[in-house]
Amino acid sequence: MELEPGDERILAGESGETRRQMMELLVALGKVFGAERLVRIKSAQVSGASYKTIGKYGLEWLNQLDAKAVVPAVLNPIGMPRGRWEEMGIDRDFAEKQQAVIAAYGRLGIRLECTCTPYYLNSPAFGDHLAWSESSAVSYANSVIGARTNREGGPGALAAALIGKTPCYGLHLTENRKPKVLVQVEARGTDLSIAHYGALGYHAGKLVGNRIPYFTGIRPDPDGLKALGAAMAATGAVALYHVEGVTLEAVKTGFDTNRLEKITVTKEEIRRLFTDIPVDAIAVGCPHCSANELARIAALLEGKRVTLPFYIFVAQGVIDANRATVASIEKSGAKVYADTCMVVSPVMERYKAIMVNSGKALAYVPDMCGAVSRIGTIEDCVRVGTA
Amino acid sequence: MLHFAGRGIARGTGSGELLVSPAPISFLSGVDPDTGMVVETGHPLQGQKIAGKVLAFPYGKGSTVGSYVLYAMSRNGNAPVAIINDEAEPIIATGAIIAKIPMVDRIGISVSRLRSGARVMVDGVTGSVVYDGEILPA
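Conventions we followed
- Residues numbered from 1 in each chain as written.
- Chains lettered and ligands numbered in written order.
- Predicted model: local features only at pLDDT ≥ 70, side-chain atom pairs only at ≥ 80, totals over all residues.
- Heavy atoms only, no water.
- Helix = DSSP H or I, 4+ residues; strand = E, 2+ residues; numbered from the N terminus.
- Rg over C-alpha atoms; globule rule 2.2 N^0.38 Å.
- Buried < 20%, exposed > 50% of the residue type's maximum accessible area, 1.4 Å probe, protein only.
- Contact = heavy atoms within 4.5 Å.
- Areas by Shrake-Rupley, 256 points an atom, 1.4 Å probe, with all protein chains shown as cover.
- Pairing = 2+ DSSP bridges.
- Axes fitted to C-alpha atoms, helices over the stretch in contact; angles between N-to-C directions.
- Domains from an automatic or database assignment.
- Buried area = accessible area lost by both parts, 1.4 Å probe.
- Salt bridge = Lys/Arg side-chain N within 4 Å of Asp/Glu carboxyl O.
- Polar contact = N/O pair within 3.5 Å; in protein donor to acceptor, adjacent residues only side chain to side chain.
- Nonpolar A, V, L, I, M, F, W, Y, C, P; charged D, E, K, R; others polar.

Examining the overall build of chain B
The helix and strand tally for chain B stands at 2 helices and 10 strands. Seen in sequence order, chain B has helices and strands lined up from the N terminus as β-β-β-β-β-β-α-β-α-β-β-β. In summary, chain B has a C-alpha radius of gyration of 13 Å against a globular reference of 14 Å for 138 residues, a match within 12%. Across its three principal directions, the C-alpha atoms of chain B cover 35 × 30 × 25 Å. Residues classed as buried in chain B amount to 56% of the 138 residues present. Sequence separation of at least 24 residues holds for 68% of the intrachain contacts in chain B that already meet a minimum separation of 6. Taken as a whole, chain B presents about 5400 Å² of accessible surface, with 53% of it coming from carbon and sulfur.

As structure tokens, this is what we get:
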């Protein structure tokens, strides 16, 4: 791998042991993935924020590092809201260990936002290189924004945050961003909701696996795109997709899709995923809600009281920017929590069946919470949750 | 003495007795960091201690949390003194670097053709491996 002189000096230890180790890690990952060089990044999103994942040894490792992030960096969601963990019913021992992990990242100059939607806080630009970790955020950055990131592991993303570079391979390179399979959605004349895009992604992800799909026949808005990409990253390994006439690279670059394998998805295949099984909790915000989604939920809950536990998951920064909307939602008894979600919080394990409006949550709730999952539109979620 | 020219992945040098696993290794749940033993049921190295050995295996498998297990083994004094892989992947490469275990890959011959018990010297900077043993038939 070719390194700039400054990087060679870091590797020789001139900027301290932590940066030396982080550079060694970036170079090793570059070798593993066949990168020829490092590329400068605009931001990082670091996974390995959950104590449940990294354990006491991961925490020990973090605690002996000594450097500060040189690009804006945030964390993946964790198992609890930092400020309201007691209220959510989190055990004190778990909370204290989790706080220790967060504090360790804070010391390293990582912004203490634990979210799968960092693009709502500090949006990258088209063509920016990033080192992000969470699968739906990676998909959104690549597909909707047209930025470039691989799906980074925890230490690799942390190294990128502390050095400001990442190995240049995979989705950082133009030639690796072309579509590999055509997905024709036959749903003309149907108004597809965010939940329908999540269901489409749930279904399509299983069909396309790790290939880059090119969709035709749909016109999702950014929230629909977010739901589609998140679900495909859960049931498949899709880190980039294109939508004809919608996503930026499809519009700006244009792709020849003539020779691609074609897959057709019908309205019926999407609709089939919607059931009416009884549930004992509602959870929305997978990925974390946008300001638009919050406003919609507030309008639907206006003047109503929830009759089932009703969770809404959002980035802290989005809560801070939408205080009045959040207050209006919580008047109904629904809870708006930051930093966590139904997939990673141990609290969700107490329910038997959870209703969601997300294809990603539909896929993960059974394994992660041990509960049955049901997908419905946000209107259906509110109807069931206030019945 | 045989010399193999591999690729340096994690810096440092280490030498000792070679322990070869013909199968990939998952460090999360497959290895006990408190004893340095392989505990995966049915693994060819099950019950063997990898602490203090030069550990050769084709590649890592399993959870990415395996990287932190290598760090834990090193903290507990149970780490291998060096690692040789056929092909490095992120879990083992990351673990070796954060645990400061010298590591090389792509030595030009499958590690399954090296004999456990032979003396071996690994240089994680140059990628070179010096092996005092015979080559087993493929």
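Thoughts on the sheet that holds strand E11 (residues 335-338) of chain A
Residue and element names in this part refer to chain A. Overall, parallel pairing links the 5 strands, which are arranged E11-E10-E9-E12-E13 in an open sheet. The strands lining the two open edges of the sheet, one partner per strand, are E11 and strand E13 (372-375). The mean angle between the axes of side-by-side strands here comes to 25 degrees, regardless of whether they run parallel or antiparallel. Here strand E9 (residues 281-284) runs beside strand E12 (residues 353-356); their pairing, made up of 3 bridges, is parallel. Bridge pairing in E12 places Ala283 opposite Val356. In the packing of helix H15 (residues 359-369) onto the sheet, contacts are made with E12 and E13, and the angle to E13 comes to roughly 170 degrees.

Here we look at the sheet that holds strand E6 (residues 213-216) of chain A
Residue and element names in this part refer to chain A. The 4 strands are arranged E7-E6-E5-E8 in an open sheet whose pairing can be described as parallel. At either margin of the open sheet sits one strand with a lone partner, and together these are strand E7 (242-243) and strand E8 (261-266). Summarising the sheet, strand E5 (residues 181-186) and E8 pair through 6 bridges and their orientation is parallel. Within E8, the position partnered with Val185 by the bridge is Val265. In this fold helix H8 (residues 194-208) packs onto E5, E6 and E8, with an angle of close to 150 degrees to the strand it touches most, E8.

A word on the domain arrangement of chain A
Residue and element names in this part refer to chain A. When its domains are assigned, chain A resolves into domain 1 (5-174), domain 2 (178-271) and domain 3 (281-385). Here the C-alpha centroids of domain 1 and domain 3 sit 26 Å apart. Taken together, the 24 residues of domain 1 in the interface contact 26 residues of domain 3. Sorting the residues of domain 1 by area buried against domain 3 places Arg84, Met88 and Tyr120 first, and these three jointly supply 31% of that buried surface. Here domain 1 is connected to domain 3 by 5 salt bridges. When the shortest N-O distance is used, the salt bridge between Lys52 and Glu349 registers 3.9 Å. Between domain 1 and domain 3 we count 14 residue pairs in polar contact (both at pLDDT 80 or more) in total. Counting residues per element, the ones that place at least two in the side of domain 1 that touches domain 3 are helix H4 (85-88) and helix H6 (135-145). Within the side of domain 1 that touches domain 3, the residues separate by chemical class into 12 nonpolar, 6 polar and 6 charged.

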